[in-house]
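If you want the building blocks of each chain, they are given just below.
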Amino acid sequence: MELNDFSWETFSHTGNIDAYLLYKSIADLNRTKDKEEEWQTSTREVSL
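These figures come from a predicted structure and were not determined experimentally.

(A) Here's a closer look at the side chain of Asn4. Tracing the chain through its elements places Asn4 in helix 1 (residues 3–14). Apart from residues lying up to four places away in sequence, Asn4 is in contact with Tyr23, Ile26, Ala27 and Asn30.

Written out as structure tokens, the structure is:
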């Protein structure tokens, strides 16, 4: 089980706000990582 899944499960079972904030932080990091990878891919395609 990934940390994101674990933090969501913890929040959904307990209502713990810290677990929810951890879940949101991980989701934001994953979105940023995806955008960076997309940008790097498009940059490589342009330079070819």
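Let's pick the thread back up.
(B) The arrangement of the environment of Tyr23 in detail. Note that Tyr23 resides in helix 2 (residues 17–47). Separated by 21 residues in the primary sequence, Tyr23 and Glu2 have C-alpha atoms spaced 11 Å apart. Excluding anything up to four places from it in sequence, Tyr23 contacts Asn4, Ser7 and Trp8.

(C) Highlighting the pattern of salt bridges. Counted according to the given criterion, the structure contains one salt bridge. Between Arg31 and Asp28 there is a salt bridge, and its shortest N-O distance comes to 2.4 Å. Of this pair, Arg31 and Asp28 are both found in helix 2, three residues apart, which corresponds to roughly one turn of the helix. Asp28 sits in the partly exposed class, given a relative accessible area of 39%.

(D) Fine view of the packing of aromatic side chains. Evaluation of the coordinates by the stated rule reveals four aromatic pairs. Taking 5.0 Å as the distance between ring centres and 45° as the angle between the ring planes, the aromatic pair formed by Phe11 and Tyr20 counts as tilted. By relative accessible area, which is 22% here, Phe11 ends up partly exposed. Residue Tyr20 is classed as partly exposed on the basis of its relative accessible area of 27%. Geometrically, the ring pair formed by Tyr20 and Tyr23 is tilted, given 6.4 Å between the ring centres and 35° between the ring planes. You can see Tyr20 and its partner Tyr23 sitting in helix 2, three residues apart, about one turn around the helix. Overall, Tyr23 belongs to the partly exposed group, its relative accessible area being 24%.

Quick notes on the rules
Residues numbered from 1 in each chain as written. Predicted model: local features only at pLDDT ≥ 70, side-chain atom pairs only at ≥ 80, totals over all residues. Heavy atoms only, no water. Helix = DSSP H or I, 4+ residues; strand = E, 2+ residues; numbered from the N terminus. Contact = heavy atoms within 4.5 Å. Salt bridge = Lys/Arg side-chain N within 4 Å of Asp/Glu carboxyl O. Buried < 20%, exposed > 50% of the residue type's maximum accessible area, 1.4 Å probe, protein only. Phe/Tyr/Trp six-rings, centres within 6.5 Å; stacked < 30°, edge-to-face > 60°.

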